[in-house]
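Inside the fold
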Amino acid sequence: MNRRKMLLMGAAVPALAGCEKRQPEKVTYEGSSRDAIIDNMMTRRSIRKYTTEQVSQEQLDVIMRCAIYAPSALNKQPWEMRVVQNPDILAEVNKRFLRFAQGKEFQGSAARYREPGFSIFHSAPTLIVIAGDKDIPTATLDIGITLQNILLSAAALGLGTCPLGSLVPILNLPENADLLKLMNIPTDHQVTINVALGHAAESPTAPIRYSDRVKIIR
Ligand SMILES: Cc1cc2nc3c(=O)[nH]c(=O)nc-3n(C[C@H](O)[C@H](O)[C@H](O)COP(=O)(O)O)c2cc1C
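Report on the accompanying structure. Values in this document were obtained by computation on a predicted structure and should not be read as measured data.

Moving on, we get to the pattern of salt bridges. Tallied over the full model, the rule gives six salt bridges. Between glutamate 80 and arginine 82 there is a salt bridge, with the nearest N and O atoms lying 2.9 Å from each other. One salt bridge connects glutamate 105 with arginine 114, and the closest N-O pair in it is separated by 2.8 Å. Residues glutamate 105 and arginine 114 agree in their burial class; the two are exposed. The network of salt bridges with common partners includes Glu92, Lys95, Arg96 and Asp178.

Right under this line is the structure:
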């Protein structure tokens, strides 16, 4: 940790943040191999442009093993995970989103759904669908942790990811139950989060972080 060097601009001055416009945070980090986990957390970004190169079975083995090694309350592992690389199913998922989106407005990248060639999963070649057991109250929290294991292990392998909350309500619509059936997701589970996975074709900088939301009370 002592060799770690961080340069935080903008977000490092919470006392002045009051009514001023918050500036994006620039993070520079140089760590030793001992700091690999911290480096990984600091440099992982959500990727919204992918190459067409597919994620290999070996890479998936590592990522999904990390996923199932996430902690969960009472070790219930209240999830079902599906890794979709089938182009027909991917196209159908996007089609269902577009059908739902017609005439609606969205925030974030989904707002661009009217653009030609739009993909709700950023045209990633792999889509991970994670569904949680509806009867287990901790399922959402447990899945949040497994999500982070997926994001960080993929980043460690040099792959890009993007969590996709925008697809969640669409996949849970009764009219799309056939899609979940096709993916063999049990009816007592609901889609909780999705992840785009592939080889990154962009290197975005970190969006702003609000360091003034952390207070140390001594
Ligand atoms: C639960 C969750 C849902 C998200 N949903 C989407 C989404 O639907 N589409 C998208 O492009 N990014 C989505 N994101 C990515 C966030 O926009 C991103 O994590 C955030 O802007 C911080 O950027 P970073 O991941 O590069 O650090 C989601 C992230 C989380 C944690």
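Once that is clear, we can look at the nonpolar core. Val93, Phe97, Phe121, Leu127, Val129, Leu167 and Leu171 are the most contacted members of the largest nonpolar core, which totals 29 residues. Sorting the residues of this core by element identifies helix H3 (87–101), strand E4 (126–133), strand E5 (160–164), helix H5 (168–171), helix H6 (177–182) and strand E6 (189–198) as the ones contributing at least two each. Sorting elements by how many residues they give to this core places H3 first, with five residues. Excluding anything up to four places from it in sequence, leucine 171 contacts Val93, Val129, Asn176, Leu179, Leu180, Val191 and Asn194. Judged by nonpolar contacts, the second largest core, of 19 residues, contains Trp79, Ile143, Leu159 and Ile193.

Quick look at the site of the ligand now. Near the ligand lie 14 residues; those nearest to it are Ser46, Arg48, Gly165, Ser166 and Arg209. The separation between an oxygen atom of the ligand and a polar side-chain atom of arginine 44 is 2.9 Å. A distance of 2.8 Å separates a nitrogen atom of the ligand from a polar backbone atom of glycine 165. About the coverage of the ligand: the protein hides 66% of its 620 Å² of free accessible area. Considering each element in turn, the shell around the ligand owes the most residues, three residues, to E5. Per-class residue counts for the shell around the ligand are five nonpolar, five polar and four charged.

Definitions and cut-offs
Residues numbered from 1 in each chain as written. Predicted model: local features only at pLDDT ≥ 70, side-chain atom pairs only at ≥ 80, totals over all residues. Heavy atoms only, no water. Salt bridge = Lys/Arg side-chain N within 4 Å of Asp/Glu carboxyl O. Buried < 20%, exposed > 50% of the residue type's maximum accessible area, 1.4 Å probe, protein only. Core = buried A, V, L, I, M, F, W, Y, C linked by side-chain atoms within 4.5 Å. Helix = DSSP H or I, 4+ residues; strand = E, 2+ residues; numbered from the N terminus. Contact = heavy atoms within 4.5 Å. Near = heavy atom within 4 Å. Polar contact = N/O pair within 3.5 Å; in protein donor to acceptor, adjacent residues only side chain to side chain. Areas by Shrake-Rupley, 256 points an atom, 1.4 Å probe, with all protein chains shown as cover. Nonpolar A, V, L, I, M, F, W, Y, C, P; charged D, E, K, R; others polar.

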